[in-house]
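# Structure assessment
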Amino acid sequence: MAHGRHVASGTLFERLAMGARPGFGKLATVIALLLSHAAWAEEVGITSRDVEVIDGDSIVIADQQLDLLGIDAPELGQVCYLRAEPWPCGEVASDALAQFLVGKEVHCREIVIDDQGQMLGRCGKVGLDAGAELVTRGLAVLDPAYRGYYLRNFREARYNSAGIMGGRFVVPWEWRDG
């Protein structure tokens, strides 16, 4: 100790919780608990090899139906146009997702429940994100409710005219509305 000051060891949160800064001990304890809970919650997810693809942005994993967070893929019956020719973009997106996930160990994280009660999450396999893959390949667009996800991938797909970005299509939410 130098000049009567105590130097605490441990993490910043441990030091704050121990009162390293006078008057902030209780507040620091609350903050540390909230942050540790948030970090724990962020890591909670579903991991399974039991994956079934419903369509281009929906899966069943470990008996839980889940939509991929941040994207909207063409629906199974949806047809897009490439070089003025009809193209079954909904089937292609579904097949691509199945090829990417089925039979692999899949981990879904950042799981949330939307205002309609639907479970959403970011899913992928060993460091690869299914939503990023589909958007980059031009097989999904950004979900308007979650536009912050995959923006870089979307710009890349548009720049490269990948998948539906290379032709004409109706955005999935408008196609569903008829």
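The rules we used
All residue numbers here refer to positions counted from 1 along the written sequence of the relevant chain. Reporting of local features is limited, given that this is a predicted model, to residues whose pLDDT is at least 70; pairs of side-chain atoms are given and counted only at 80 or more, and all residues count toward the totals for whole chains, interfaces and linings. Side-chain numbers here rest on the full set of heavy atoms in the structure, without hydrogens or water. What counts as a ring pair is set by centres within 6.5 Å for rings of Phe, Tyr and Trp (its six-membered ring), and what kind of pair is set by the plane angle: stacked under 30 degrees, edge-to-face over 60, tilted for all other angles. Either the NZ atom of lysine or the CZ atom of arginine qualifies as a charge over a ring when it sits within 6 Å of the ring centre and within 35 degrees of the ring normal. Confidence scores labelled pLDDT are given residue by residue by the predictor and lie between 0 and 100. Here a residue-residue contact requires only that any non-hydrogen atoms of the pair lie within 4.5 Å. Put simply, a disulfide is two cysteine sulfurs that come within 2.5 Å. We call a residue buried when its accessible area falls under 20% of the maximum for its residue type, exposed when it is over 50%, and partly exposed in between, using a 1.4 Å probe and counting protein chains only. Helix and strand definitions here come from DSSP, where helices need a minimum of 4 consecutive H or I residues and strands a minimum of 2 consecutive E residues; each element is numbered from the N-terminal end. In these notes, a set of buried Ala, Val, Leu, Ile, Met, Phe, Trp, Tyr and Cys residues joined through side-chain atoms within 4.5 Å is what counts as a nonpolar core.

## Side note on the packing of aromatic side chains
Throughout the structure, instances matching the rule amount to two aromatic pairs. Through a chain of ring-to-ring contacts, three or more aromatic side chains come together here, namely Y146, Y149 and Y150. Stacked on the ring of F100, the Lys or Arg K125 has its end atom at 4.4 Å from the ring centre. A cation over a ring is seen here: R168 above Y81, with NZ or CZ 4.9 Å from the ring centre.

## So, the confidence of the model for the chain
Looking at the chain as a whole, the pLDDT averages 82, with 75% of positions reaching at least 70. The low-confidence segment residues 1–42, where pLDDT is below 50, has 17 contacts with residues more than four positions distant or belonging to other chains.

## What to know about the state of the cysteines
Inspection of every chain in the model, using the stated rule, returns two disulfides. Bridging C80 to C89, the disulfide has an S-S length of 2.0 Å. One quick way to see it: the torsion about the S-S bond of C80 and C89 is about 65°, and its sign makes the bridge right-handed. A relative accessible area of 1% places C80 in the buried class. The class for C89 is buried, based on a relative accessible area of 1%. One disulfide in the model links C108 with C123; its S-S distance is 2.0 Å. Across the S-S bond linking C108 and C123, the dihedral sits near 115°, which makes this disulfide right-handed. With C108 in strand β8 (residues 106–113) and C123 in strand β9 (residues 119–125), the pair connects residues that are 15 residues apart, well separated along the chain. Among the residues examined, C108 registers a relative accessible area of 0% and is labelled buried. Disulfide partners in the chain, listed by the sequence order of the bonded cysteines, are 1-2, 3-4.

## Some details on the environment of L69
Examined against the element boundaries, L69 turns out to sit in the loop between β4 (64–68) and β5 (71–72). The class of L69 is buried, set by a relative accessible area of 3%. Sequence-wise, L69 and D57 are 12 residues apart; in three dimensions their C-alpha atoms are separated by 8.5 Å. Setting aside anything within four residues of it in sequence, one finds L69 in contact with E110, V112, L120, G121, R122, Y146, Y149 and Y150.

## Concerning the nonpolar core
A general trend in soluble globular proteins is that nonpolar side chains are found buried together. With 36 residues, the main nonpolar core has I59, L97, L101 and L134 as its most contacted residues. The element that contributes the greatest number of residues to this core is helix α3 (residues 89–101), accounting for six residues. What I59 contacts, discounting residues up to four positions off in sequence, is V51, E52, V53, I54, Q64, Q65, L66, L97, L101, C108 and C123.

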